[in-house]
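Architecture and fold: a report
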Amino acid sequence: MAAPVAAVEAAAAKEIRSPEVPPGSLSLQHSKKLGAHFMESDERRFSTGRRALGGGYDPPSAAGTTPVNIRGEPIEDLSKTGGWVAAFFIFGNEMAERMAYFGLSVNMVIFMFKVMHRPFAASANAVNNFLGISQASSVLGGFLADAYLGRYWTIAAFTTLYLMGLVALTLCATVPALVPPQAGCDKLAMLLGACAPAEPWQMAYLQTALYVTAFGAAGIRPCVSSFGADQFDERSPGYKRRLDRFFNLFYLAVTLGAIAAFTAVVYIQMHRGWAAAFGTLAVAMGASNALFFAGTPLYRHRLPGGSPLTRVAQVLVAAFRKRNASFDSGGYVGLYEVAGVKSAVRGSAKIEHTDDFRWLDKAALRLEEDGDGGDPWRLCTVTQVEEVKILLRLLPVPACTVMLSVVLTEFLTLSVQQAYTLNTRVAALRLPVACMPVFPCLAIFLILALYYHTFAPVARRLTGHPHGASQLQRVGLGLAFSVLSVAWAGLFERYRRGYAIRHGYLALFLTPMPELSAYWLLIQYCLIGVAEVFCLVALLEFLYQEAPDAMRSVGSAYAAVAGGLGCFLASALNSAVEAATGDDEAGRPSWLAQNINVGRFDYLYWLLAVLSTINLLVFIYVAKRYRYRVRLDAPQATGVDKQ
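Quick caveat: nothing in here was measured; it's all calculated off a predicted structure.

Mapped onto the secondary structure, Ile 110 falls in helix H3 (residues 83-114). Given the relative accessible area of 24%, Ile 110 is considered partly exposed.

The subject of this paragraph is the pattern of salt bridges. Counted under the stated rule, the structure contains 16 salt bridges. Where Glu 97 meets Arg 98, a salt bridge forms, and the shortest distance between an N and an O atom there is 2.8 Å. Judged by relative accessible area, Glu 97 falls into the buried class, the value being 0%. Linking Lys 389 and Glu 386 is a salt bridge whose minimum nitrogen-to-oxygen distance equals 3.1 Å. A residue pair is termed a helical-turn pair when its members lie 3 or 4 positions apart in one helix, as Lys 389 and Glu 386 do in helix H11 (residues 382-394) at 3 residues. The class for Lys 389 is buried, based on a relative accessible area of 0%. Its relative accessible area of 0% is what places Glu 386 among the buried residues.

This part covers the packing of helix H16 (residues 471-502) against helix H17 (residues 521-546). Packed helices, taken two at a time, are described by the angle their axes make and the gap between the axes. Across the interface, H16 lies against H17 with an axial gap of 7 Å and an inter-helix angle of 160 degrees. In terms of orientation, H16 lies roughly antiparallel with respect to H17. For the pair H16 and H17, the crossing hand works out as left-handed. When the residues that make up the contact of H16 with H17 are grouped by side-chain class, the tally is 20 nonpolar, 6 polar and 2 charged.

Locating Thr 511 in the fold gives a position in the loop between H16 and strand S6 (513-517). Take Thr 511: its relative accessible area is 33%, and that puts it in the partly exposed class. Residues Thr 511 and Thr 421, spaced 90 residues apart in sequence, show a C-alpha to C-alpha distance of 5.5 Å. Discounting chain neighbours no more than four positions away, the residues touching Thr 511 are Tyr 420, Thr 421 and Tyr 505.

Bringing the nonpolar core into the picture now. Nonpolar side chains tend toward joint burial in soluble globular proteins. Counting 131 residues, the largest nonpolar core has Met 108, Phe 111, Leu 166 and Leu 206 as the members making the most contacts within it. Ranked by size, the runner-up nonpolar core spans 25 residues in total, among them Val 106, Val 433, Phe 439 and Phe 492.

Bringing the packing of aromatic side chains into the picture now. Within this structure, the stated rule accounts for 33 aromatic pairs. Geometrically, the ring pair formed by Trp 274 and Phe 278 is tilted, given 6.0 Å between the ring centres and 40 degrees between the ring planes. Taken as a pair, Trp 274 and Phe 278 lie in helix H9 (residues 274-294) at a separation of 4 residues, close to a single helical turn. Of the two residues, Trp 274 and Phe 278, neither departs from the other in class, the shared state being buried. An angle of 80 degrees between the planes, with centres 6.2 Å apart, marks the rings of Phe 542 and Tyr 628 as edge-to-face. Here Phe 542 is found in helix H17, whereas its partner Tyr 628 is found in the segment after helix H19 (601-625), with 86 residues between them in sequence. Take Phe 542 and Tyr 628: they sit in the same class, and that class is buried. One aromatic cluster in this structure is built from Trp 84, Phe 88, Phe 91, Phe 232, Phe 246, Phe 247, Phe 250 and Tyr 544. Stacked on the ring of Phe 320, the Lys or Arg Arg 323 has its end atom at 4.0 Å from the ring centre. Of note, Arg 600 hangs over the ring of Tyr 603, and the distance from its end group to the ring centre comes to 4.2 Å.

Let us now look at empty space enclosed by the protein. On inspection of all chains with the given rule, the structure shows 6 cavities of 30 Å³ or more. In this structure, the largest cavity occupies an estimated 880 Å³ of space. Lining the largest cavity are 40 residues, with Phe 102, Tyr 251, Leu 408, Glu 532 and Leu 536 sitting closest to its centre. Put simply, the parts of the chain that give the lining of the largest cavity at least two residues each are H3, helix H4 (120-136), helix H7 (200-229), helix H8 (239-272), helix H13 (402-420), helix H14 (438-450), H17 and helix H18 (552-581). Top contributing element to the lining of the largest cavity by residue count: H13, with 7 residues. In the lining of the largest cavity, the residues fall into 26 nonpolar, 10 polar and 4 charged.

Basis of the calculations
Residues numbered from 1 in each chain as written. Predicted model: local features only at pLDDT ≥ 70, side-chain atom pairs only at ≥ 80, totals over all residues. Heavy atoms only, no water. Helix = DSSP H or I, 4+ residues; strand = E, 2+ residues; numbered from the N terminus. Buried < 20%, exposed > 50% of the residue type's maximum accessible area, 1.4 Å probe, protein only. Salt bridge = Lys/Arg side-chain N within 4 Å of Asp/Glu carboxyl O. Axes fitted to C-alpha atoms, helices over the stretch in contact; angles between N-to-C directions. Parallel < 35°, antiparallel > 145°, perpendicular 65-115°, else oblique. Left-handed = near helix turned anticlockwise from the far one by under 90°. Nonpolar A, V, L, I, M, F, W, Y, C, P; charged D, E, K, R; others polar. Contact = heavy atoms within 4.5 Å. Core = buried A, V, L, I, M, F, W, Y, C linked by side-chain atoms within 4.5 Å. Phe/Tyr/Trp six-rings, centres within 6.5 Å; stacked < 30°, edge-to-face > 60°. Lys NZ or Arg CZ within 6 Å of the ring centre and 35° of its normal. 1 Å grid on protein atoms, 1.4 Å probe; cavity = no way out; pocket = protein on both sides within 12 Å on 5 of 7 lines; lining within 4 Å. Points joined across faces, edges and corners; volume = space filled by probe spheres on them.

Written as C-alpha cells, this is what we have:
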C-alpha cells in the first residue's frame, strides 16, 4: 500500500496552476503553491465564516465519501452492511418498478382507446408523453437525492408516490363511474369513433393518476442504480469488477421486470380484465416497497452534498464576475482550495485540477482582495469548479444515446404494427401481438446471462482490457448494433410490404398473412436487445464512476433524461415525416399512413439508420477525446483508464 499512497500524496501535493501562465511568470511574493491546501492538516479555517457547500464542514469521520448509516453516523463495521445482500433488496425494487413502467407503456394506449374511447393517435401521444416526462424529469429525483434527501429517502418518498398512482389507476379501471359508458361500443363503433366519449373530469382523473405514476418513476430512476452501487466499497480491491457485475445484474433486474410486463401482465389483462392487470402492478410495487424497507438495516448511505444547482450557479457567477481578471495579474495568489485532505463539498472527495474549460478556472482564481474566501459567489474551490467541468464533459456521452432511445421508441410502435400483418403462431400457440416486445427482453436476458462466459473472455483476449472493453467502447458497440437493427428492419419491411401487395393484402392491414411469419422480426429485436445491453448498461456504469461524488444521482439522471428526450424526439420526427411526406389533397399517403401496406415504414427505418450512423460517428469523435477521471482518493487510480 505504500507505493499507491505515496502516489496519491504526490498527486495531491502538486501545484495547480492555470495553463495560461508560463512557469516563473509570477512573482514569489504573490504566488502560492496550491499544494499547501492539499497537504494533510487538521486546520479547517472555521474562523473565516465560510460554510461548507452543503451545510457546514464535515467532521473527519463523515466527510468525503465515507459511508454512513441511516442516521448519518459512520459505520463501525462495514462487513455487516452493504455488499451483494443489500444490493439484492434494491434489485427487487427496480424489477417491480420496471414491471409497472413497461406494463403501463404496453397497455395504456389500448386502455385509452378501448375503455376511455380516445382516438388511437391521441392515446399513443398521451402515452409517449408519459414515457418522456417520466424519464426527462428524472433530474428532479437526482437533484433532491444529491442536494437534500439522500438516495434512500428519495427512493422511499417517490416509490410511495408511485404506488399511490398505481392504486389510482386500478380504481379507474374498477369503478364504472370513472370511465365512460361501455354499452353499445363494439369494434365497429370504436373504429368509427361512435362510442360515448369520456367526460373531461374522467380524463382529468386518469391523467392525474398517470402523471403521479410518472413522477414517482422519475424520482426513483436516477437513484436506484446509484444507491445500489453505493453498497460497494470503492477503496477495496476488485471494486471495479464488482461494480461492473452490479450494473449487469441491475439491468438484468430491469429486463426481468419488462419480461413480466410483456407476458404475465398482458395475459392477466386479456383473461382477467383491466382492473386485475393494473391491480397486479400495484401489488407488485407494494411488495417491492416492503422488500426495500426490509433491507434498511443493511444499507450504506452517502451524505447529500447540498444543492448541486447552487454550486453550479456559484461557479458560473464567480467566473463571470472575474471574467476580466488575469492569471498573471499582480494580485494573483493561486487557485483556491480549502486546507486539509477533506473537500468543502459534503459527500465529496477533493478533485484534481484539469486544464479543460479554462474560463471556469476564473471562479477559483484567488486574488489578494478575496482574503480567505468568505463569499462563495465570488470565490469557489477547485473541487467545486471541477464538479462543473465534469458535468460538462459528461454531457456529450449520454447525448449520443438519445438516438438509441429514438430507435427503441419507434420499435415499440412500428414493429407492433408490422406484427399485426404477420402470422404470430408457433405450432399450436398463437402469441398475442402485445407480447412481441418480450423478444428484445429475452435477447437481453440471454446476453447478460452469458456475458462473462462469452463476450468478456473473447474481448479480453482481443483488447487486453481487464473487463473486455471499456465503458465507452461498450457504449459505441451498442450504438453500432442499433444501426444494424434499423437497417435490417428497413430491409425486412420492404420485403413484407412487397409481399402484401403481391398477394392481395394491400387494404387488409389488420389481417395476418398466414405464409409470412412474425418471427422474422426476431432479428431486429435481437439486434436492438444487444444494443441495449452494451450501450445502456455501460452508460449507467460510466455515469456513476465519472460523475462527481456528491452529484452521482444527477449524473445517473443524465441517462434517463436522454431516454426521455428520445421519446419526445421520436414524436417530433413522426410529426415531421407526416407533414413532409403526406398530402391529402393530392391523395399521397405519408410514410406513416395508418394502413402500413400503403405507407413506407421502410423509408423511415432507413432514415433512422442514416441518423444513427451519423450519431455513431459523432460518438466515436467524442469518445476519442474523452479522458477518464483521475481520483485522488482512490489508491488504484494511477492514471487515465484505457478507452
